[in-house]
Amino acid sequence: MTAIAERGHARPVAPPGVTMAAALNQALADALSEDETVLVFGEDVGALGGVFRITDGLAARFGDARVFDTPLAESGIVGTAIGMAMNGLRPVVEMQFDAFAYPAFEQIISHLAKFRNRTRGRVALPVVIRIPYGGGIGGVEHHCDSSEAYYAHTPGLRVVTPATPGDAYALLRQAIECPDPVIFLEPKRRYWSKQAVVLDHAGATLDQAVVRRPGSDVTLIAYGGTVGTALEAAEAAAEEGRSVEVIDLRSLSPFDDETVTASVRRTGRAIVVHEASRFCGYGAEVAARLSEQCFHYLEAPVLRVTGFDIPYPPPHLEEYHLPSVDRILDAVDRLQWQETRPAVKAGG
Amino acid sequence: MASVARDIPRGREPRELLPTGTPLRLLEADGQAVRHSDLDLPGDDVLLALHRKMVLARRFDTQATALTRQGRLAVYPSARGQEAGEVGAVLALRPQDWLFPTYRDSMAIVCRGVDPVEVLTLLRGDWHCGYDPYEFRVAPQCTPLATNTLHAVGVAHAARLKGEDTVAMVMLGDGATSEGDTHAALNFAAVWQAPVVFFVQNNGYAISVPLAKQSAAPSLAHKGVGYGVPAMLVDGNDAAAVYAVVQDAVAAAAQGRGPTLIEALTYRIEAHTNADDATRYRDQDEVDGWLARDPLARIRQHLLARGLLDEPAIAALDAEAEAEAAALRRRMNADRRHDPADLFRHVYAEPTPDLRGQQQELWAELAAAADDPEVSR
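Residues numbered from 1 in each chain as written. Chains lettered and ligands numbered in written order. Predicted model: local features only at pLDDT ≥ 70, side-chain atom pairs only at ≥ 80, totals over all residues.

Honestly, the overall build of chain B in this entry has me stumped. Any pointers?
Check the secondary structure of chain B and you find 15 helices and seven strands. The C-alpha atoms of chain B give 22 Å as radius of gyration, which agrees with the globular expectation for 377 residues (21 Å, within 12%). Within chain B, buried positions represent 48% of all 377 residues. Here the contacts in chain B between residues at least 6 apart in sequence split such that 76% fall between residues at least 24 apart. (Helix = DSSP H or I, 4+ residues; strand = E, 2+ residues; numbered from the N terminus. Rg over C-alpha atoms; globule rule 2.2 N^0.38 Å. Buried ≥ 20, exposed ≤ 12 C-beta atoms within 10 Å, placed from the backbone. Contact = placed C-beta atoms within 7 Å.)

And the structure:
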């Protein structure tokens, strides 16, 4: 796999770039334009344009029959989206924040994920649930959860998370066209990151990881909000003579083994980076897969750089919790370099 | 079937949303027509159809319970005693309407026209839904209670957005009215004026928990006013009255006048399922009291008194029900082959690489077992 995407994420981008928020808005607008069965609804998505303004201007442009506010009940939003999809529509619903999606959990797990299976393929539910997730914005409690493992653990759901504006557009368009239900996790700390990119989803796929930065010594596996952090760490490591490859998973379920194992078999070392807590976190799945599929290629145990196993901390303490460049670099240093090689390879 | 229900005026004033103080009724317990009812008695053809379908439904229900004793059904939640609600509500739907049933509503689904064997596919343990929901517009039987109320609102609102003349009726029990999704669904339906009928069969118990421990509302129908949903309280053992109120609610929804909440007062004669022991939480006297208010006897006495039905017709109908039960027994006793490959089908539109790999793991396991004389013997 040679999908080496734009590498501009870690570099400052010239002003005429597009933010992730604008890219998501454009994706919704284009989907609404091209497919009259697409609906957008949720809390405050109408006149306000969403608390993060992702749906800004859509109600005015497409009318309140297609873009509308709902009563304040997340289970109601997902439950009615299921019924609308049964009746031929393609709902794209917004959960206002990660932790506020939990009231919808039963509808997502017991119905959205299972309807196709329990009806033997007769009822498909092409529903997209957009969820702003993760920390790094100084949010108060219940506004910063990384809830991806709950969804990724559930058969029948696809779980996708973009790290760049270009991917935000392409993946959301793909998600809306997908016949399976998609949990679309938006890293809210990257909403305002910019990228000079042409928004397009031709040829994009919903289930492929991408190498954001090629390297030869160690593979950093990240997604969503931590991709940028991993790229910064790779840049810093390069100055110390280590060549670090960064993979952006993009699809958490299904998992792209091909891209990840090809990289780790080449580098022999791997670190998974995510904001979510470590115990039973997504990194545990990645580490297990690498031990199953890359055991004889590994020079060191697969490490995890993650949030601690604590409830999400208050804003003034979150910097100690979130994976940082230094914490990633420390993990890189712990990958048993001395035991297997006489000296650190120069130049990377 | 001709339209029979009078158009009950409904407004937005709180008083107009409230149910009547006593349940709406068309037939007294002895089958006599009620003298002054707010409802119009359905036509003779409808009454005969209600009676016929109730006979067939009851025989289906007792056959299903018998199949649990023979190990052909994993479990069966009987609706015996609720035939008036199960049949009356479903016959009032039009072909283009949707039905959202629960696990206790097998009778209703059969009444809608679904093959009984397909209805029992869930309960015999073959697959989670044996029928095509689009064929008769019947959603899969819902086991997590009240979640289907929201699906019904979604289907109905989508129909309205698409300009379709479709009403969705969701069936739920007294216990399910305590769930949060019922609250959300009534609220969403009212705000959107979605064409939905909430048909609550209050059969007195949620497994073992009596209504008094479930709700302190004056009646479950009274809950409607808080959402701005007009509500009706009906005698759930009076098939004619159930038919009339549901038909009225369907007509109102179809005319763009939004949802209706109906509470049908009835009783679950059998235990929760064949696996339950109802003697632990209720007295036989209570059951006997409700057996004396049998919904099938009520409409039969009415039809006999009016000369619309006679004993030979009843005998012919019973024979028809026996033949259907025998056919159901025969088909349910046939052993079915189960394909392990079905496990991996329809999880996603296309199987993921992981699922393909796991299917190979299972194939290897089965092949090894077939080669192992200890296992294959």
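Additional details are given in the paragraphs that follow.
Got a minute to help me understand the domain arrangement of chain A in this structure?
When the parts come together, some accessible area is lost, and that loss is often what is quoted as the size of the interface. All names here are of chain A. Taken domain by domain, chain A holds domain 1 (19-195) and domain 2 (210-340). Taking the mean C-alpha position of each, domain 1 and domain 2 sit 27 Å from one another. On the side of domain 2, 20 residues touch domain 1, which itself brings 27 residues to the contact. Of all the secondary-structure elements, those providing two or more residues to the side of domain 1 that touches domain 2 are α6 (148-152), β6 (158-160), α7 (165-177) and β7 (182-187). Here the side of domain 1 that touches domain 2 is composed, by residue class, of twelve nonpolar, eight polar and seven charged. (Domains from an automatic or database assignment. Nonpolar A, V, L, I, M, F, W, Y, C, P; charged D, E, K, R; others polar.)

Looking at this structure, how should I read the interface of chain B and chain A?
Facing the 34 residues of chain B at the interface are 35 residues of chain A. When contributions to the side of chain B that touches chain A are tallied by element, the ones reaching two or more residues are α7 (133-136), α8 (147-162), α9 (180-192) and α14 (353-371) of chain B. With eleven residues, the single largest contributor to the side of chain B that touches chain A is α8 of chain B. For the side of chain B that touches chain A, the per-class residue count stands at 21 nonpolar, nine polar and four charged.

Help me understand the domain arrangement of chain B in this model?
Per the domain assignment, the segments of chain B are domain 1 (14-333) and domain 2 (340-376). If you average the C-alpha positions of domain 1 of chain B and of domain 2 of chain B, the two centres end up 41 Å apart.

Any chance you could explain the confidence of the model for chain B here in plain terms?
The predicted coordinates of low-pLDDT regions are not to be read in fine detail. Mean pLDDT over chain B stands at 94; residues scoring 70 or higher make up 96%. Complex prediction metrics read pTM 0.94 and ipTM 0.95. (pLDDT = per-residue confidence, 0-100.)

Explanation requested: the environment of Q70 of chain B in the structure shown.
Tracing the backbone shows Q70 of chain B in the loop between α2 (44-69) and α3 (83-91). Separated by 196 residues in the primary sequence, Q70 of chain B and T266 of chain B place their C-alpha atoms 29 Å from one another.

What's the story with the sheet that holds strand β10 (residues 218-222) of chain A in this structure? I'm lost.
Note: strands within a sheet are paired through backbone hydrogen bonds, in either parallel or antiparallel orientation. Residues and elements named next belong to chain A. With mixed pairing, the five strands of this open sheet are ordered in space as β9-β11-β10-β13-β14. The outermost strands of the open sheet, each flanked by one partner alone, are β9 (210-213) and β14 (303-307). Recorded for the sheet is a direction-independent mean angle of 25° between the axes of neighbouring strands. As paired elements, β10 and strand β11 (residues 244-248) share five bridges and run parallel to each other. Bridging from a neighbouring strand, L220 pairs with V246 of β11. Where helix α8 (residues 226-239) meets the sheet, its contacts fall on β9, β10, β11 and β13 (270-277), and the angle it forms with β11 comes to roughly 170°. (Pairing = 2+ DSSP bridges. Axes fitted to C-alpha atoms, helices over the stretch in contact; angles between N-to-C directions.)

What am I meant to see in the environment of A159 of chain B here?
Tracing the chain through its elements places A159 of chain B in helix α8. Given 27 C-beta atoms within 10 Å, A159 of chain B falls into the buried group. For A159 of chain B and N148 of chain B, which are eleven residues apart along the polypeptide, the C-alpha to C-alpha distance reads 16 Å. Those residues in contact with A159 of chain B, other than ones at most four positions away along the chain, are N87 of chain A together with E164, T166 and P195 of chain B.

Which parts of the structure should I look at to understand unusual backbone geometry?
The amide bond that connects S253 of chain A to the next residue, P254 of chain A, takes the cis arrangement and shows omega of 0°. Tracing the backbone shows P254 of chain A in the loop between β12 (251-253) and α9 (257-267). Non-glycine residue Q336 of chain A carries a positive phi angle of around 55°. Its 13 C-beta neighbours within 10 Å are what place Q336 of chain A among the partly exposed residues. Look at A146 of chain B: it is not a glycine, yet its phi comes out positive at around 80°. By secondary structure assignment, the location of A146 of chain B is in the loop between α7 and α8.

Quick question: what am I supposed to make of the confidence of the model for chain A here?
Mean pLDDT for chain A: 93, with 93% of residues reaching 70 or above. For the stretch residues 343-348 of chain A, pLDDT sits under 50, and the model shows twelve contacts to residues farther than four places along the chain or on other chains.

Help me understand the sheet that holds strand β4 (residues 90-94) of chain A in this model?
All names here are of chain A. If you walk across this open sheet you meet the seven strands as β3-β2-β4-β5-β7-β6-β12, and the pairing is mixed. Every interior strand has two partners, whereas the edge strands, β3 (67-69) and β12, have only one. Taken over all neighbouring pairs, the strand axes of this sheet differ in orientation by 20° on average, direction set aside. Relative to β7, β6 runs parallel, the two sharing three bridges. Within the sheet, the bridge partner assigned to V159 lies in β7 and is I183. In the packing of helix α3 (residues 74-86) onto the sheet, contacts are made with β2 (38-42), β4 and β5 (128-133), and the angle to β4 comes to roughly 170°. Strands β2, β4, β5, β6 and β7 of the sheet are contacted by α7, whose axis makes an angle of about 165° with β7.

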